[in-house]
Amino acid sequence: MSDQSTNSVAFVAEGTIPPSPPPARETGAVKWLRENLFSNIPNSILTIVSLYVIFLVLKNTMPWMLNGVWTTSSLAQCREVLNGETGACFSVLTERWNQLLYGFKYPVDEYWRPNLALLFMIVAAAPVLFFDLPRKLLIFTAIYPFLAYWLIWGGTIFVPLIALLGFVVAGMVFQTFSKGSFAIGFFGAVIAAFVVWLGGGALIPESASENAFLSSVPSRDLGGFMLNLMLGATCVSLSLPIGIVLALGRQSDMPLIKWVCVIFIEFVRGVPLITLLFVASVMLSYFFPPESTVDLFLRVVIMITMFASAYIAEVIRGGLAALPKGQYEAADSIGLAYPQAMRLIILPQALKISIPGIVNVAVGLFKDTTLVSVISMFDLVGMIRGPILASTEWNGVYWELLGFAALLFFIVCYGISQYSQWLERRLATDHR
Amino acid sequence: MSELMSERDIDRSKMQVGSDIAIEINAMNKWYGTFHVLRDINLTVNSGERIVICGPSGSGKSTLIRCINRLEEHQSGSIVVDGTELTNDLKNIDKIRSEVGMCFQHFNLFPHLTILENCTLAPIWVRKTPKKEAEETAMHYLEKVKIPDQAHKYPGQLSGGQQQRVAIARSLCMKPRIMLFDEPTSALDPEMIKEVLDTMIELAEEGMTMLCVTHEMGFARQVANRVIFMDEGQIVEQNEPEEFFNNPKSDRTKLFLSQILGH
């Protein structure tokens, strides 16, 4: 039998081979080191060189960091304390902490207001970012912009209330009339909102803000990292929906809509953000009625939002183009109307594909908010370059201040990046 | 061919051709740019008919059935589906699309939705069926195509044959009066072709009006009551399956049949 089987191609397994543990040198830390750091001679050399470089960096920075001074009130005192040794002068951070976070004009007694607004922002953003949370929380998200405006700027509560009322009335008008025709519903809603805003605005007395529960803080008093966060959050949340509309508009069959979108995107994308910001600070008032004074913060938000939404539109267009044509056809063939097909079939998939690109734009936008320092708004970088470095106490403390600014931005941006990776894993249903 | 055919006998009791007209295509022409893809198509389909359309690739057979639910636009002539003429009027198009089901070569399931959600989407959003009722209907049809246990999986987790059967169930959930099949088995392995064809045969047994672009000649012989042969954008020959396969009249049909049945 066995003699035969060596010469024959026939083979039958005699039984199941029981599983056994892998050899010792194929498991644990030894295996990891061998595979990842010392797999062959060039890689081993690279590992050793890299370790040496890391050592050099730490050797030169650690004394500076660990020897840092935190409690003095000027750079000169830092130098006295250090007495010639290397060491950072972190005192500038502790002494100017409030200025770095809130700017130098925001009333000190009112710091709780932006703090509360930030806390509420986390609550409001949660149901949008983590869609497993109860949907009812979205009501708070819808109210949040008006609440945050009231908290940060203060003044009479009627302003945000009437703004909110305008949106509610517009929503109701749209609900009622859009069943007949989308255009009537849409334009009716826009007109209704403006009627409420103008009528309501006229009803608020001029002096309403003077004795308000929360004292009024003008936009030019906002500053510090708070301003970056406000601009970043507002512009990201506005530019995403506008970007989606622009991307869909660019694909439209209607030439007028298509060309308006194309021209907008190409124009805004082809212009440096800094020029748009100068337009916002100097020239934008030409486009508004002569007696109206549009807030500088609002003008900057409009410009950054325009800029970011043009980029997001192009990112989403990439996502739309990546979808197989069959998805559009399947959506059509089961009888979905265009808005339904977009909302239920096309956009969920296109946005999922676009997540890395959108996050890229969002992170870039958030960092670009520091550009407002150029048009003399005192955001984090504006504060550092202006009031703090120009003061006699802290003239010359560059590394500590800019390092701190970098750290704050890094924390936020890294958080955004980690969230987006979680989101991509959470939405992965294709099981490739 | 024969190994793909269903072994069981087909129940023909409900497979009757009605007298009312389901689809009427009159002198229809279509161009892609200057290329004349469909040339003077005249076709009347009565309710309950099972029509198989075959022909070499590029002959316009897919384009023809895609014109019927307006995935492609025709430039002249008329298409009347269930008494509604296909024009640029969006209301007519949506009405026809909700009455005509379609299955694609590549299934085109929605990968971000579960099987059940794929099936309930159109009833809920187009027909405004309550969610619960839509889910019951969907489970009914998923049982019919023999995959109720996969209802909460995503399309990416299913085999090709299962996906195509889900696609059929998805169309059926809209309770269509007409089903269009655009090469439903061309992207499938032989084993899976059989399970999809069995589903289609069951559908035919219930008296569904079907237009099917396919190369499954066994299916055509068994189920179709009419076979249409197209070449270069025109209908070259149509006949009852027996007559069509045993006694083709046109030379082009003979050549085509000898090529696909010859091995």
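Note that this is a predicted model, so its numbers are computed, not measured.

### With respect to the side chain of Gln150 of chain B
Step number 1: Tracing the backbone through its elements, the reader meets Gln150 of chain B in the loop between α4 (131-144) and α5 (160-172).
Step number 2: Ignoring any residue separated from it by four or fewer positions in sequence, one finds Gln150 of chain B in contact with Ile115, Leu158 and Gln162 of chain B.

### Concerning the nonpolar core
Step number 1: Residues Leu222, Ile345 and Leu401 of chain A together with Ile23, Ile25, Ile53 and Leu211 of chain B are the most contacted members of the largest nonpolar core, which totals 125 residues.
Step number 2: Among the elements that take part in this core, helix α16 (residues 338-368) of chain A stands out by supplying 14 residues, more than any other.
Step number 3: Filtering out sequence-adjacent residues up to four positions away, Leu222 of chain A remains in contact with Tyr102, Tyr106, Ile152, Trp153, Leu227, Met230, Phe297 and Phe378 of chain A.
Step number 4: Within the second largest apolar cluster, 48 residues are counted, among which are Ala138, Val145, Leu203 and Met210 of chain B.

### A look at the pattern of salt bridges
Residues and elements named next belong to chain B.
Step number 1: Across all of its chains, the model carries 28 salt bridges over all chains by this definition.
Step number 2: Taking the shortest distance from any N to any O, the salt bridge between Arg177 and Asp82 comes out at 2.4 Å. With Arg177 in the loop between α5 and β7 (178-182) and Asp82 in the loop between β4 (76-81) and β5 (84-85), the pair connects residues that are 95 residues apart, well separated along the chain.
Step number 3: Here Arg177 falls in the partly exposed class, since its relative accessible area comes to 38%.
Step number 4: Taking the shortest distance from any N to any O, the salt bridge between Lys144 and Glu206 comes out at 2.4 Å. Linking Lys144 in helix α4 with Glu206 in the loop between α6 (190-205) and β8 (209-213), this pair joins segments that are 62 residues apart in sequence.
Step number 5: You can call Lys144 partly exposed: its relative accessible area is 22%.

### Comments concerning the state of the cysteines
In a disulfide, the sulfur atoms of two cysteines are covalently bonded to one another.
Residue and element names in this part refer to chain A.
Step number 1: Under the definition given, this model contains one disulfide over all chains.
Step number 2: Disulfide pairing is shown between Cys78 and Cys89; the S-S distance is 1.9 Å. Taking the torsion about the sulfur-sulfur bond, which here is approximately 75 degrees, the covalent link between Cys78 and Cys89 counts as right-handed. In this pair, Cys78 sits in helix α4 (residues 75-82) while Cys89 sits in the loop between α4 and α5 (91-95), placing the two residues eleven residues apart along the sequence.
Step number 3: On the basis of relative accessible area, Cys89 is assigned to the buried category, the value being 3%.

### Re the packing of aromatic side chains
Step number 1: The final tally for this structure, using the stated rule, is 26 aromatic pairs over all chains.
Step number 2: The interplanar angle of 20 degrees and the centroid separation of 5.4 Å between the aromatic rings of Phe410 of chain A and Tyr414 of chain A together place this pair among those described as stacked. One end of the pair, Phe410 of chain A, and the other, Tyr414 of chain A, are both in helix α18 (residues 398-427), four residues apart, so they sit about a helical turn from each other.
Step number 3: A relative accessible area of 44% means that Tyr414 of chain A is categorised as partly exposed.
Step number 4: One aromatic cluster is present, built from ring pairs that chain together Phe146, Phe167, Phe194 and Trp197 of chain A.
Step number 5: One cation-aromatic arrangement involves Arg170 of chain B over Phe110 of chain B; the distance from NZ or CZ to the ring centre is 4.5 Å.

What counts as what
Residues numbered from 1 in each chain as written. Chains lettered and ligands numbered in written order. Predicted model: local features only at pLDDT ≥ 70, side-chain atom pairs only at ≥ 80, totals over all residues. Heavy atoms only, no water. Helix = DSSP H or I, 4+ residues; strand = E, 2+ residues; numbered from the N terminus. Contact = heavy atoms within 4.5 Å. Core = buried A, V, L, I, M, F, W, Y, C linked by side-chain atoms within 4.5 Å. Buried < 20%, exposed > 50% of the residue type's maximum accessible area, 1.4 Å probe, protein only. Salt bridge = Lys/Arg side-chain N within 4 Å of Asp/Glu carboxyl O. Disulfide = S-S within 2.5 Å. Phe/Tyr/Trp six-rings, centres within 6.5 Å; stacked < 30°, edge-to-face > 60°. Lys NZ or Arg CZ within 6 Å of the ring centre and 35° of its normal.

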